[in-house]
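What follows is the residue order along each chain.
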Amino acid sequence: MSVATTTALRFEKIKDKIGARVLNTKAELLSGDLAQGLRDLIEQVGVLVFPQIGFTDDEQIAFTRTLGTYTTENADGSVSKITLDARENPASAEYLKGSLYWHIDGTMNGVPIFASMLSCKVPSPKGTGNTGFCNTYAAWDDLPAERKAELKDLRVVHGVWPTVFYYEPEPSLAKLKGMMRVGENELPLVWTHKSGRQSLVLGCTAQRVLGVDAMASAEIIHGLREWATGEAFSYSHEWDVGDCVMWDNTGTMHRAEWYDPDCGRMMHRTKLEGEEPFA
Ligand code: OGA
Ligand code: MN
(Lines give C-alpha, C1' and ligand atoms only; values in the text may rest on other atoms or scores of the structure.)
(Ligands and ions follow the chains in the order given, each with its own letter.)
Protein backbone atom coordinates (compact mmCIF):
# COMPACT_ATOMS: atom_id res chain seq x y z
CA MET A 1 0.00 0.00 0.00
CA SER A 2 1.39 3.42 -0.87
CA VAL A 3 0.69 6.42 1.24
CA ALA A 4 0.21 9.73 -0.54
CA THR A 5 1.55 12.70 1.36
CA THR A 6 0.17 16.09 0.54
CA THR A 7 1.76 19.35 1.57
CA ALA A 8 -0.75 21.95 2.67
CA LEU A 9 -0.33 25.57 1.66
CA ARG A 10 0.07 27.69 4.79
CA PHE A 11 -0.47 31.43 4.54
CA GLU A 12 -1.87 34.49 6.29
CA LYS A 13 -3.59 37.38 4.55
CA ILE A 14 -1.84 40.77 4.79
CA LYS A 15 -4.87 42.94 4.02
CA ASP A 16 -8.43 42.15 3.03
CA LYS A 17 -7.88 43.18 -0.61
CA ILE A 18 -4.19 42.55 -1.20
CA GLY A 19 -1.30 40.37 -0.13
CA ALA A 20 -0.57 37.11 1.65
CA ARG A 21 2.44 35.82 3.56
CA VAL A 22 3.30 32.24 2.65
CA LEU A 23 4.65 30.29 5.62
CA ASN A 24 5.76 27.02 4.00
CA THR A 25 9.39 25.93 4.14
CA LYS A 26 11.82 26.35 1.25
CA ALA A 27 11.83 22.58 0.66
CA GLU A 28 8.02 22.54 0.46
CA LEU A 29 8.08 25.40 -2.05
CA LEU A 30 10.77 23.78 -4.19
CA SER A 31 8.92 20.42 -4.24
CA GLY A 32 6.36 21.89 -6.65
CA ASP A 33 3.51 20.33 -4.65
CA LEU A 34 2.11 23.77 -3.82
CA ALA A 35 2.30 25.20 -7.34
CA GLN A 36 -1.40 25.10 -8.20
CA GLY A 37 -2.38 26.42 -4.78
CA LEU A 38 0.10 29.29 -5.10
CA ARG A 39 -1.16 30.17 -8.57
CA ASP A 40 -4.76 30.25 -7.33
CA LEU A 41 -3.79 32.33 -4.30
CA ILE A 42 -1.78 34.91 -6.22
CA GLU A 43 -4.68 35.47 -8.62
CA GLN A 44 -6.87 36.26 -5.61
CA VAL A 45 -4.53 38.41 -3.52
CA GLY A 46 -2.10 39.85 -6.13
CA VAL A 47 1.10 39.61 -4.06
CA LEU A 48 2.77 36.75 -2.20
CA VAL A 49 5.51 37.38 0.37
CA PHE A 50 7.93 34.59 1.28
CA PRO A 51 9.54 36.13 4.38
CA GLN A 52 13.32 35.58 4.64
CA ILE A 53 13.10 32.43 2.54
CA GLY A 54 16.70 32.99 1.38
CA PHE A 55 16.58 31.55 -2.13
CA THR A 56 19.89 31.24 -3.96
CA ASP A 57 19.66 32.24 -7.65
CA ASP A 58 19.41 28.58 -8.69
CA GLU A 59 16.66 27.94 -6.13
CA GLN A 60 14.76 31.02 -7.26
CA ILE A 61 14.89 29.85 -10.87
CA ALA A 62 13.85 26.32 -9.85
CA PHE A 63 10.93 27.67 -7.79
CA THR A 64 9.88 29.95 -10.66
CA ARG A 65 9.87 26.95 -13.00
CA THR A 66 7.43 25.07 -10.74
CA LEU A 67 4.86 27.82 -11.36
CA GLY A 68 4.97 28.22 -15.14
CA THR A 69 7.42 29.05 -17.91
CA TYR A 70 10.59 30.79 -16.73
CA THR A 71 11.66 33.62 -19.01
CA THR A 72 14.90 35.59 -18.81
CA GLU A 73 16.40 38.73 -20.35
CA ASN A 74 19.89 37.22 -20.21
CA ALA A 75 21.42 35.00 -22.88
CA ASP A 76 22.90 32.73 -20.21
CA GLY A 77 19.51 32.25 -18.54
CA SER A 78 20.55 33.97 -15.32
CA VAL A 79 18.43 36.13 -12.99
CA SER A 80 18.20 39.89 -13.58
CA LYS A 81 19.90 42.30 -11.21
CA ILE A 82 17.53 45.09 -10.24
CA THR A 83 19.22 48.20 -8.88
CA LEU A 84 19.36 51.90 -9.71
CA ASP A 85 23.13 51.76 -9.19
CA ALA A 86 24.55 52.55 -12.63
CA ARG A 87 27.92 50.92 -11.75
CA GLU A 88 26.19 47.58 -11.14
CA ASN A 89 23.66 47.86 -13.90
CA PRO A 90 24.90 50.18 -16.65
CA ALA A 91 22.45 48.98 -19.28
CA SER A 92 19.22 49.32 -17.36
CA ALA A 93 19.72 51.67 -14.39
CA GLU A 94 18.42 54.56 -16.52
CA TYR A 95 15.39 52.59 -17.66
CA LEU A 96 14.69 51.47 -14.08
CA LYS A 97 14.15 55.09 -13.02
CA GLY A 98 10.66 54.63 -14.43
CA SER A 99 10.12 51.80 -11.92
CA LEU A 100 9.77 54.45 -9.17
CA TYR A 101 6.30 55.21 -10.54
CA TRP A 102 3.25 52.93 -10.54
CA HIS A 103 3.40 50.57 -13.49
CA ILE A 104 2.64 47.19 -15.01
CA ASP A 105 5.62 45.39 -16.57
CA GLY A 106 5.33 44.84 -20.31
CA THR A 107 2.56 47.19 -21.42
CA MET A 108 4.41 47.46 -24.73
CA ASN A 109 3.88 43.75 -25.37
CA GLY A 110 0.67 42.08 -26.49
CA VAL A 111 1.18 39.38 -23.89
CA PRO A 112 2.64 40.86 -20.69
CA ILE A 113 4.53 38.62 -18.28
CA PHE A 114 2.27 36.70 -15.90
CA ALA A 115 4.31 37.24 -12.76
CA SER A 116 7.64 38.44 -11.38
CA MET A 117 9.61 37.46 -8.31
CA LEU A 118 12.15 39.67 -6.51
CA SER A 119 14.60 38.38 -3.91
CA CYS A 120 16.27 40.89 -1.63
CA LYS A 121 20.06 40.49 -1.60
CA VAL A 122 20.87 43.93 -0.12
CA PRO A 123 18.07 46.09 1.32
CA SER A 124 18.13 49.88 1.30
CA PRO A 125 18.03 51.71 4.65
CA LYS A 126 14.67 51.31 6.43
CA GLY A 127 12.18 53.95 5.38
CA THR A 128 13.42 53.90 1.78
CA GLY A 129 13.21 51.44 -1.09
CA ASN A 130 10.04 49.59 -0.14
CA THR A 131 8.16 48.09 -3.07
CA GLY A 132 4.53 49.15 -3.36
CA PHE A 133 1.81 46.98 -4.89
CA CYS A 134 -1.88 47.57 -5.59
CA ASN A 135 -4.66 45.21 -6.63
CA THR A 136 -6.17 46.35 -9.94
CA TYR A 137 -8.83 43.62 -9.91
CA ALA A 138 -10.18 44.82 -6.56
CA ALA A 139 -9.89 48.49 -7.58
CA TRP A 140 -12.06 47.83 -10.64
CA ASP A 141 -14.53 45.63 -8.75
CA ASP A 142 -15.15 48.30 -6.11
CA LEU A 143 -15.95 51.17 -8.50
CA PRO A 144 -19.60 52.25 -8.54
CA ALA A 145 -21.65 50.68 -11.35
CA GLU A 146 -22.29 54.05 -13.06
CA ARG A 147 -18.54 54.77 -13.19
CA LYS A 148 -17.86 51.31 -14.60
CA ALA A 149 -20.42 51.90 -17.34
CA GLU A 150 -18.58 55.12 -18.37
CA LEU A 151 -15.16 53.47 -18.36
CA LYS A 152 -15.63 49.91 -19.56
CA ASP A 153 -15.03 50.41 -23.31
CA LEU A 154 -12.28 53.06 -23.17
CA ARG A 155 -8.94 52.51 -24.93
CA VAL A 156 -5.62 53.91 -23.73
CA VAL A 157 -2.38 54.47 -25.65
CA HIS A 158 0.74 53.37 -23.74
CA GLY A 159 4.38 54.18 -24.44
CA VAL A 160 7.78 54.14 -22.79
CA TRP A 161 8.41 57.74 -23.90
CA PRO A 162 5.80 59.29 -21.57
CA THR A 163 7.60 57.76 -18.55
CA VAL A 164 10.73 59.90 -19.05
CA PHE A 165 8.83 63.03 -18.00
CA TYR A 166 8.21 61.54 -14.54
CA TYR A 167 11.89 61.74 -13.66
CA GLU A 168 13.33 64.15 -16.26
CA PRO A 169 10.97 67.01 -17.17
CA GLU A 170 13.16 68.44 -19.96
CA PRO A 171 14.77 65.52 -21.81
CA SER A 172 16.84 66.10 -24.93
CA LEU A 173 15.10 65.44 -28.23
CA ALA A 174 17.62 62.68 -28.93
CA LYS A 175 16.69 60.92 -25.72
CA LEU A 176 12.98 61.31 -26.37
CA LYS A 177 13.34 59.97 -29.90
CA GLY A 178 15.30 57.03 -28.58
CA MET A 179 12.42 56.12 -26.29
CA MET A 180 9.87 56.77 -29.04
CA ARG A 181 11.55 54.12 -31.17
CA VAL A 182 9.93 51.56 -28.83
CA GLY A 183 6.62 52.76 -30.29
CA GLU A 184 3.16 52.92 -28.72
CA ASN A 185 0.62 50.28 -27.84
CA GLU A 186 -3.16 50.71 -27.64
CA LEU A 187 -4.71 48.74 -24.78
CA PRO A 188 -8.13 48.45 -23.16
CA LEU A 189 -8.55 50.42 -19.91
CA VAL A 190 -10.39 47.42 -18.51
CA TRP A 191 -8.89 44.01 -19.14
CA THR A 192 -11.36 41.13 -19.31
CA HIS A 193 -9.31 38.05 -18.44
CA LYS A 194 -9.97 34.51 -19.65
CA SER A 195 -11.28 33.77 -16.15
CA GLY A 196 -13.98 36.41 -16.69
CA ARG A 197 -12.52 38.66 -13.97
CA GLN A 198 -11.69 42.25 -14.92
CA SER A 199 -8.81 44.53 -13.92
CA LEU A 200 -7.67 48.08 -14.65
CA VAL A 201 -4.73 48.64 -17.03
CA LEU A 202 -2.96 51.82 -15.86
CA GLY A 203 0.50 53.04 -14.90
CA CYS A 204 3.12 55.57 -15.96
CA THR A 205 3.16 54.21 -19.51
CA ALA A 206 -0.51 55.27 -19.95
CA GLN A 207 -0.30 58.37 -22.13
CA ARG A 208 -3.81 59.21 -23.36
CA VAL A 209 -7.36 57.93 -23.43
CA LEU A 210 -8.70 57.80 -26.97
CA GLY A 211 -11.77 59.80 -27.94
CA VAL A 212 -11.73 62.37 -25.13
CA ASP A 213 -9.90 65.71 -24.73
CA ALA A 214 -6.54 65.98 -22.96
CA MET A 215 -7.89 67.13 -19.60
CA ALA A 216 -10.60 64.46 -19.50
CA SER A 217 -7.96 61.89 -20.41
CA ALA A 218 -5.62 63.01 -17.61
CA GLU A 219 -8.51 62.99 -15.13
CA ILE A 220 -9.31 59.38 -16.01
CA ILE A 221 -5.71 58.12 -15.96
CA HIS A 222 -4.61 59.95 -12.82
CA GLY A 223 -7.93 59.71 -10.99
CA LEU A 224 -8.02 55.95 -11.43
CA ARG A 225 -4.36 55.67 -10.42
CA GLU A 226 -5.15 57.55 -7.21
CA TRP A 227 -8.14 55.27 -6.57
CA ALA A 228 -6.34 52.00 -7.33
CA THR A 229 -3.28 52.86 -5.25
CA GLY A 230 -5.33 53.98 -2.23
CA GLU A 231 -4.98 52.41 1.20
CA ALA A 232 -7.62 49.70 0.71
CA PHE A 233 -6.04 48.20 -2.41
CA SER A 234 -2.32 48.70 -1.75
CA TYR A 235 0.54 47.20 0.26
CA SER A 236 4.07 48.54 0.73
CA HIS A 237 6.65 45.84 1.38
CA GLU A 238 9.58 46.76 3.64
CA TRP A 239 12.43 44.45 2.70
CA ASP A 240 14.61 42.25 4.87
CA VAL A 241 17.55 40.30 3.46
CA GLY A 242 16.30 37.03 1.95
CA ASP A 243 12.67 38.10 1.46
CA CYS A 244 11.16 36.98 -1.82
CA VAL A 245 8.04 38.71 -3.13
CA MET A 246 6.04 37.58 -6.14
CA TRP A 247 3.29 39.57 -7.84
CA ASP A 248 0.61 38.78 -10.41
CA ASN A 249 1.65 41.30 -13.04
CA THR A 250 -1.71 40.94 -14.79
CA GLY A 251 -3.78 42.07 -11.79
CA THR A 252 -1.56 44.53 -9.95
CA MET A 253 0.59 47.62 -10.40
CA HIS A 254 3.85 48.05 -8.53
CA ARG A 255 6.62 50.59 -7.97
CA ALA A 256 9.88 50.95 -6.12
CA GLU A 257 9.70 53.68 -3.47
CA TRP A 258 12.56 56.18 -3.51
CA TYR A 259 16.03 55.05 -2.44
CA ASP A 260 19.54 56.40 -2.80
CA PRO A 261 21.01 54.82 -5.99
CA ASP A 262 24.36 54.55 -4.19
CA CYS A 263 23.02 52.71 -1.11
CA GLY A 264 23.73 49.24 -2.52
CA ARG A 265 20.10 48.05 -2.75
CA MET A 266 20.10 44.87 -4.85
CA MET A 267 17.24 42.62 -5.90
CA HIS A 268 17.43 39.52 -8.09
CA ARG A 269 14.44 39.04 -10.36
CA THR A 270 12.91 36.09 -12.20
CA LYS A 271 9.85 36.21 -14.44
CA LEU A 272 7.08 33.91 -15.58
CA GLU A 273 6.09 34.13 -19.23
CA GLY A 274 2.71 35.68 -20.01
CA GLU A 275 -0.19 33.35 -20.63
CA GLU A 276 -2.85 35.68 -22.04
CA PRO A 277 -2.96 38.89 -24.05
CA PHE A 278 -4.47 42.18 -22.86
CA ALA A 279 -8.08 41.96 -24.06
C1 OGA B 1 10.64 45.44 -11.33
C2 OGA B 1 10.36 46.60 -10.47
C3 OGA B 1 10.61 47.45 -8.20
C4 OGA B 1 11.63 47.46 -7.10
O5 OGA B 1 11.57 44.67 -10.99
O6 OGA B 1 9.94 45.27 -12.35
O7 OGA B 1 9.58 47.44 -10.83
O8 OGA B 1 11.22 47.70 -5.95
N9 OGA B 1 11.00 46.62 -9.28
O10 OGA B 1 12.82 47.27 -7.37
MN1 MN C 1 8.51 46.76 -12.73
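The structure under discussion appears in the preceding block.
**Thoughts on the coordination of the manganese ion (ligand 2)**
So, step 1. Protein-derived coordination of the manganese ion (ligand 2) comes from His 103 (NE2), Asp 105 (OD) and His 254 (NE2), at a distance range of 2.1 to 2.2 Å.
So, step 2. Positions of the donor residues of the manganese ion (ligand 2) along the chain correspond to the pattern H-x1-D-x148-H. Residue His 103 is found in the loop between helix 4 (93–96) and strand 6 (115–122), and its partner His 254 is found in strand 15 (residues 252–256); the two are separated by 151 residues along the sequence. Summarising the burial analysis for this pair, His 103 and His 254 share the class buried.

**Things to note about helix 9 (residues 214–228)**
So, step 1. Look at helix 9: 21 Å from first C-alpha to last across 15 residues, which is about the 21 Å you get at 1.5 Å a residue.
So, step 2. Taken residue by residue, helix 9 has Ser 217, Ile 220, Ile 221, Leu 224 and Ala 228 as its buried positions. All buried residues of helix 9 project into a common sector of 85° when viewed along the axis, lining one side. Pointing more than 90 degrees away from the buried face of helix 9 are the exposed residues Ala 214, Met 215, Glu 219 and Glu 226.
So, step 3. For helix 9, the N-terminal cap is Asp 213; the gap from its side-chain oxygen to the backbone nitrogen of Met 215 is 3.1 Å.

**Digging into the sheet that holds strand 12 (residues 206–209)**
So, step 1. The strand order across the open sheet built from three strands is 9-8-12, with neighbouring strands paired in antiparallel fashion. What marks the edges here is a single partner per strand, and that holds for strand 9 (184–188) and strand 12. Strand after strand, the sheet turns through a mean of 30° between neighbouring axes, direction not considered.
So, step 2. Bridge analysis of strand 8 (residues 155–159) against strand 12 gives three bridges, and the strand direction is antiparallel. Its bridge partner being in strand 12, Val 156 is matched across the sheet by Val 209.
So, step 3. Where helix 9 meets the sheet, it contacts strand 8 and strand 12, and its direction lies at approximately 130° from that of strand 12.

**With respect to the nonpolar core**
So, step 1. Core analysis: the biggest nonpolar cluster contains 26 residues, and Leu 151, Leu 189, Leu 200, Leu 202, Ile 220, Leu 224 and Met 253 have the highest contact counts within it.
So, step 2. Those elements that provide at least two residues to this core are helix 5 (136–141), strand 10 (190–192), strand 12 and helix 9.
So, step 3. Per element, the largest residue contribution to this core is four residues, and it comes from helix 9.
So, step 4. With near-sequence residues (within four places) excluded, Leu 202 lies in contact with Ile 104, His 158, Leu 189, Ile 221, Leu 224, Arg 225, Ala 228 and Met 253.
So, step 5. In terms of nonpolar packing, the next biggest core, distinct from the first, is built from 21 residues, Ala 20, Leu 29, Leu 34 and Val 45 among them.

The rules behind each value
- Residues numbered from 1 in each chain as written.
- Chains lettered and ligands numbered in written order.
- Predicted model: local features only at pLDDT ≥ 70, side-chain atom pairs only at ≥ 80, totals over all residues.
- Heavy atoms only, no water.
- Donors = N, O, S within 2.8 Å, 3.2 Å for Na, K, Ca; no water.
- Helix = DSSP H or I, 4+ residues; strand = E, 2+ residues; numbered from the N terminus.
- Buried < 20%, exposed > 50% of the residue type's maximum accessible area, 1.4 Å probe, protein only.
- Expected span 1.5 Å × (residues − 1).
- Arc of directions from axis to C-beta.
- Polar contact = N/O pair within 3.5 Å; in protein donor to acceptor, adjacent residues only side chain to side chain.
- Pairing = 2+ DSSP bridges.
- Axes fitted to C-alpha atoms, helices over the stretch in contact; angles between N-to-C directions.
- Contact = heavy atoms within 4.5 Å.
- Core = buried A, V, L, I, M, F, W, Y, C linked by side-chain atoms within 4.5 Å.

Everything listed here is a matter of geometry and, on its own, says nothing about what the molecule does.
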